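Chains, contacts and geometry: an overview
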Amino acid sequence: MTTTPTTREEFFEALRENRERPKGRAAAAVAEELVDAAETFGDDEVTVSALVELMRAYHGSGELVKYPVAFARLLQLWDANPKAFDEQEVHSLYWFFKWVTSGLLATPDVPLASIRGWIAEMRRRYQAAGHDLQPVYAQEHHLACHLGESQQLSYELWATRGRTQLSDCAACEARQRADYHVDRGADERGLLELQPTFDGRHSCDEEPHSSQALALLPLLRLGRYDEARAMHLTSYRKVRGKEAELTDIGRHLEFCALTGNEARGLELLSHSRASFGFAASPSGRLAFLTGVEVLLARLEETGHGTVPCGGPLGAQWTVASLRASVAAQADELASRFDARNQNSAVSARRSERLARRPLVAHLNLGVQTAALATSAGIEAAEPQGSQTPATGSPALADEALPESLEEIFAEVGRLARMRHPRAQMLWDALIARVELIEQAESEPGGVDALTRGGIAMELSQRAVVRKDWDTSAARLAEAVELYGQAGLEARKISAESRLAWCTVVRAEPADTGTAIEAAWPLLDTHLARVEALLTAGFDDQEQRDNALYRKLTVRQNRVYSAWRAVLRVDGAEQQARWREVLFAETGELIAESSAAGVWGKATLGHEVLAEFQARHGEAAQGEASARRAVEILEEQGWTWRIPHARQLLALALSAQDRHDEAIAELERGLAQAPPQVPPKELTPLHRMLGATALRTRQFPTAVRAFSEAAARLDREGEPAQARQTRLQLGRALCAQGSLGDGVAVLESLLEPVTPGTARPEREAGEEREDGTPTPDEKLTAQIRADLANALMDLGEARDAATQFLQLADLVSGWPEQEWLTSAAAGAAHALALAGNWDGARAALERALESNREAPRLFDLTEALRSLALAAVDARGADAAEEALGYLDQADRLREEFPDTAREQFRSVDVDLAQCLHTRGRIHAATERPQEALAAFEQAAAVYVRAGWAKVPQRFEALRLAALVEGRTLGHTDAARKRLNHAATEADTAGLPDAATTLRRLRDSLS
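Fair warning: this is a prediction, and the values are worked out from it, not measured in the lab.

**Regarding the overall build of the protein chain**
- Each helix and strand counted, the protein chain has 46 helices and 2 strands in total.
- For the protein chain, the spread of C-alpha atoms along the principal axes amounts to about 120 × 75 × 50 Å.
- The buried share among the 1006 residues of the protein chain stands at 52%.
- Considering only contacts in the protein chain between residues 6 or more positions apart, those separated by 24 or more positions represent 65%.
- Accessible surface, the protein chain as shown: approximately 44900 Å² in total, 50% of it carbon and sulfur.
- Within the protein chain, one finds 114 positive and 149 negative side-chain charges whose respective centroids are separated by 3 Å.

**Brief notes about the packing of helix H20 (residues 422-440) against helix H21 (residues 449-465)**
- Between H20 and H21, whose axes approach to 11 Å, the crossing angle comes to 125°. Classified by the interaxial angle, the pair formed by H20 and H21 is oblique. The way H20 lies across H21 gives a crossing that is left-handed. For the pair H20 and H21, the contacting residues are Gln424, Trp427, Asp428, Leu430, Ile431, Val434 and Glu438 in the first and Thr451, Arg452, Gly454, Ile455, Glu458, Leu459 and Arg462 in the second.

**Some thoughts on unusual backbone geometry**
- A cis geometry characterises the amide bond from Glu207 onward to Pro208, with omega recorded as 10°.
- Of note, Pro208 is situated in the loop between helix H10 (187-198) and helix H11 (209-221).
- Of note in the backbone geometry, Arg419 takes a positive phi value of approximately 55° without being a glycine.
- For Arg419, a relative accessible area of 44% gives the class partly exposed.

**Focus on helix H37 (residues 818-833)**
- Compared with an ideal rise of 1.5 Å per residue, which puts 16 residues at 22 Å, H37 spans 23 Å between its outermost C-alpha atoms and is within 8% of the ideal.
- At the exit of H37 stands Gly835, carrying a positive phi of roughly 90°.

**Notes on the packing of aromatic side chains**
- For the structure on display, the rule yields 21 aromatic pairs.
- Grouping aromatic residues by their ring pairs yields a cluster made of Phe71, Trp78, Phe85, Tyr94, Phe97, Trp118 and Tyr126.
- Just above the ring of Trp501 sits the side chain of Arg498; from NZ or CZ to the centre is 4.0 Å.
- Seen from the ring of Trp837, Arg875 lies directly overhead, with NZ or CZ sitting 5.0 Å from the centre.

**Comments concerning a negative patch on the surface**
- Side chains of Glu403, Glu406, Glu407 and Asp448 sit close together on the surface and give a patch of like negative charge.
- Relative to the assigned elements, Glu406 resides in helix H19 (residues 405-417).
- Accessibility expressed as a relative area gives 52% for Glu406, which makes it exposed.

**Some thoughts on helix H45 (residues 972-989)**
- Over its 18 residues, H45 runs 25 Å from end to end, which matches the ideal 26 Å to within 8%, given 1.5 Å per residue.
- For H45, every residue scored as buried is listed here: Thr972, Ala975, Arg978, Leu979, Ala982, Ala983 and Ala986. The buried residues of H45 all sit within an arc of 135° when viewed along its axis, so they share a single face. Seen from the buried face of H45, the exposed residues on the opposite side, beyond 90 degrees, are Asp973, Lys977, His981 and Thr988.
- Elements in contact with the buried residues of H45: helix H43 (929-945), helix H44 (952-968) and helix H46 (992-1004).
- At the C-terminal side of H45, Gly990 shows a positive phi close to 75°.

**Examining the environment of Phe12**
- With respect to the helices, strands and loops of the structure, Phe12 is situated in helix H1 (residues 8-19).
- Overall, Phe12 belongs to the partly exposed group, its relative accessible area being 32%.
- In this structure, the C-alpha to C-alpha distance between Phe12 and Val46, residues 34 residues apart in sequence, is 8.4 Å.
- Those residues in contact with Phe12 that sit more than four places away from it in its chain are Val46 and Ser49.

**Let's talk about the confidence of the model for the protein chain**
- Mean pLDDT over the protein chain works out to 92, with 95% of the residues at or above the 70 mark.
- Counting interchain partners and residues more than four positions distant, the pLDDT-below-50 stretch residues 375-398 has 45 contacts.
- Here residues 763-767 is modelled with pLDDT under 50, and outside its nearest four sequence neighbours on either side it reaches 3 contacts, counting other chains as well.

**Some points on the pattern of salt bridges**
- One pass over the structure, following the stated rule, counts 93 salt bridges.
- Measuring nitrogen to oxygen at the nearest pair gives 2.2 Å for the salt bridge that ties Arg229 to Asp226. With Arg229 and Asp226 both in helix H12 (residues 225-239) and 3 residues apart, the pair spans about one turn of that helix.
- The exposure class assigned to Arg229 is buried, which follows from its relative accessible area of 16%.
- One salt bridge in this structure joins Asp468 and Arg466, with 3.6 Å as the shortest N-O distance.
- Looking at Arg466, the relative accessible area reads 53%, which means it is exposed.
- One continuous salt-bridge network, built from bridges that share partners, spans Asp524, Glu531, Lys551, Arg555, Arg558, Glu585 and Glu592.

**Observations concerning the environment of Ala348**
- Topologically, Ala348 is positioned in helix H17 (residues 345-354).
- Judged by its relative accessible area of 42%, Ala348 is partly exposed.
- Residues Ala348 and Thr861, 513 residues apart in the sequence, show an inter-C-alpha distance of 61 Å.

**A look at the side chain of Ser61**
- Positionally, Ser61 belongs in helix H3 (residues 44-61).
- Side chain to side chain, Ser61 and Glu63 meet in a polar contact 2.7 Å long.
- Look past the residues within four positions of Ser61 in its chain and what remains in contact with it is Gly24, Arg25, Ala28, Glu243, Ala244 and Phe278.

**Notes on the packing of helix H23 (residues 489-505) against helix H24 (residues 512-536)**
- Orientation of H23 relative to H24, taken along the N-to-C sense of each, is 165°, at an axis distance of 9 Å. On the basis of their axis angle, the class for H23 and H24 is roughly antiparallel. Here H23 and H24 pass one another in a crossing that is left-handed. Between H23, through Glu489, Ala490, Ile493, Glu496, Ser497, Ala500, Thr503 and Val504, and H24, the contact on the second element is made entirely by Ala515, Ile516, Ala519, Leu523, His526, Arg529, Val530 and Leu533.
- Grouping the constituent residues of the contact of H23 with H24 by class yields 10 nonpolar, 3 polar and 3 charged.

**Quick word on the environment of Asp891**
- Inspection of the secondary structure puts Asp891 in helix H40 (residues 880-896).
- Remark: the alpha-carbon pair of Asp891 and Cys915, spanning 24 residues in sequence, is separated by 7.7 Å.
- Once residues within four sequence positions are removed from consideration, Asp891 is found in contact with Leu912, Cys915 and Arg919.
- A distance of 2.3 Å separates the side chain of Asp891 from the side chain of Arg894, its partner in a polar contact.

**Some remarks on the side chain of Arg175**
- By secondary structure assignment, the location of Arg175 is in helix H9 (residues 170-183).
- Non-local contacts of Arg175, meaning those with residues more than four positions away in its chain, are made with Leu194, Glu206, Glu207, Ser210, Ser211 and Leu214.

**As for the state of the cysteines**
- If you walk through the whole model with that rule in mind, you get 0 disulfides.
- Its sulfur unpaired, Cys204 is 3.6 Å from the next cysteine sulfur, which belongs to Cys169.
- Considering cysteine sulfurs only, Cys309 is the nearest to Cys256, which forms no disulfide, with 14 Å between them.
- Take Cys256: its relative accessible area is 0%, and that puts it in the buried class.

Scoring rules and cut-offs
Residues numbered from 1 in each chain as written. Predicted model: local features only at pLDDT ≥ 70, side-chain atom pairs only at ≥ 80, totals over all residues. Heavy atoms only, no water. Helix = DSSP H or I, 4+ residues; strand = E, 2+ residues; numbered from the N terminus. Buried < 20%, exposed > 50% of the residue type's maximum accessible area, 1.4 Å probe, protein only. Contact = heavy atoms within 4.5 Å. Areas by Shrake-Rupley, 256 points an atom, 1.4 Å probe, with all protein chains shown as cover. Lys, Arg positive; Asp, Glu negative; His and termini not counted. Charge placed at Lys NZ, Arg CZ, Asp CG, Glu CD. Axes fitted to C-alpha atoms, helices over the stretch in contact; angles between N-to-C directions. Parallel < 35°, antiparallel > 145°, perpendicular 65-115°, else oblique. Left-handed = near helix turned anticlockwise from the far one by under 90°. Expected span 1.5 Å × (residues − 1). Phe/Tyr/Trp six-rings, centres within 6.5 Å; stacked < 30°, edge-to-face > 60°. Lys NZ or Arg CZ within 6 Å of the ring centre and 35° of its normal. Patch = residues over 30% accessible without salt bridge, like charges linked within 9 Å, V, L, I, M, F, W, Y side chains within 5 Å. Salt bridge = Lys/Arg side-chain N within 4 Å of Asp/Glu carboxyl O. Arc of directions from axis to C-beta. pLDDT = per-residue confidence, 0-100. Polar contact = N/O pair within 3.5 Å; in protein donor to acceptor, adjacent residues only side chain to side chain. Nonpolar A, V, L, I, M, F, W, Y, C, P; charged D, E, K, R; others polar. Disulfide = S-S within 2.5 Å.

Structural data, given as structure tokens:
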């Protein structure tokens, strides 16, 4: 508090301001200062108000041990001067009896006799005031549960009594009943008690997040993992860092330990470092410390004892050292409760929690989490039954390796031709053996040039995967030299053609035309040379088959080079030219491979065509190509390649808007994938399945697919792609209606990759003089935009405003200033809803200024309409002119930027109709019925003029027009006639819900 109030008006204004502060110790400290200030007035009414607010502040800060002293002063005032209490303060006085009981019970230094005496005093006071005793029985039940004595009897005495005005809210009582049942293993019954809270029928300041935290354990025990994941994501973000929610935070930490999410648990622990020092709620502290210990014990079990972790401030901690400290503190605190209670019930409950074992090997939460380091080189133990697949293919390693280098090289060549996953393992083994041989020999030459050339080709391909073009080219040149030395002409030509392709693919986009023009004559020469070898003939069939295979490889490199050219050369004429070359070369590859029975190359040709055609307007032809690829692979029994071919088929089907068929193909590809398929090859199918399901509003499928894809990308070391995938996951969750889950996922994407560090917006070497954003900055901007909008939908305007403002700061220097216009407009709306009107007006000015250079009319007019409604909602008729001014500004924007309006709006008239609709609502809310009726009628007429006569918004305008006409103006007959006609139109438009609503209103008018 900056200044001490000197008048009653200043004092009550200070109380109001403090009530609006975020709950916590800061607000409680101000409330304590206000109590001291109240004493100076010598007015019991002022002191009563201050003490009531102090009790509420302690409740918000979780400082339960402070209840008794503050309430004792309040009770003294009540006994001395009850007239100093208004009706609401009298209600609060009797309500606070329950809080004081909780505070006494939560403090081990308070004797048991004092607690029982206090409950007896509560009973006496309630009886004297004529209040029902249900709340008293509730306190006796809480005491019985704490002591572990007579719980069933106390439950029945409480739960069977009817609720009263002084009972805890319905949601809190449901949670208390659920806690009783869950503690006895009746998980289904406990969750049934919580269902009305989860459905939104019951709520309060502590709900639903406290009930969601309580539900975590029973949901896991019942195997309802999707629900448990959703409860964790939604609830934790509400309790994060709040000392009043220590018990719930402990439950979330335990949840992480029981679901194989120890890395997530460490991140949550880093959010709670200040909570270790919070001692004003001993029972909450014990619950928190026990949850911490459950997590740390699991981490030690899995070999992470020396991993650094977040603990009490002022020291550095490892998992092991923090566990020892926490265990000692928790044991000491539990023993104090046991001594006070004269039994071991508290320690027994703590021991029961510590004995819990993981209930699922790994539950994919979908959120971004930093990788969990191993300690001292000890690998983390993999829980049995893990749902997470390994990153390799253990099934491949079970097969014995051939004995000699020659046998390995021959086998790897055979497998590589059919792209068998085992080929990769054999290459690794071959490379390792060759390295050992070369290290043991003083002079090179122990390994023949054929083998060394093959290894060089393989290492070149691995460099391509890393986009290390210099290394790839160097390895190819090495292969060319080795093959030349050995007189392996066909292999040499094949390597040279690969080198020519490398020069094309590594070229900058602007240089691709030059690169392909230089490379193509070389590729022509390569083809001619290998054909000449075939014409000259060979001594045996094996040599001829090898030369033919090398010719097909040259053809393949020509296909890939032409494909690159089509995608990157400038000008329609050049693109058409290389497109024709691509189709011709691919056709030759398919024909020659099929004739020779080289089905690996034939399939590759069909796959190239399928992808290109699906992406470039020939989806039906792409479908045929993909189906032929699947057919060949099935005929050959090459099941490991079928998932990719089905992905291409799904791509072609989606391009024809046959999304359900595409989803079926993707799911079939994943379900039928044999164990030999490296997990990395299936990740694209999961991502595509998620995107296709999201497009078709099959949200549960999208959520599952994106969650799996993101987890796989984490394991594959692809953080950027994992982050992009989680953005899509967040969108799917929000679209599904799981806003809390979606927000949690999006918020995790803005967390530092490692707890305690900031996320760099630019990588080293990425500074750009023109302000062009990096890919990571663009992605961060999109995440912030999505998060801000999701927070708005969730009703958290203050947090949404923060995201919009941070987004505006991020994009302020970008060349594309449309981002800034949009972000500032969103901030204006959010700040207005949060009650920060000065900030809202400043943000609006920023948006309007940016709009002059980079118009975003849709976002601005929507924000202006929202500001108009928010102004009237906040200040009523006093804000009428300001609100109408916002709508005038929206109308002017369409006039000032006519070309942009036509480009950005689906219909300029529809935006006008929306503004007219809002104008009608403003007039109606500020008692201007004639103007309101006119505006609603104009809005409906403009929808018709725009060709949008059948949209629900038009019928809503007609409904509101009739409401004003019939109820406010008293023109009942005209209103009924209007509604009857509108209902008939709604029937014709195929809007039965709108028709029913209109007729219901018509029938209510009399």
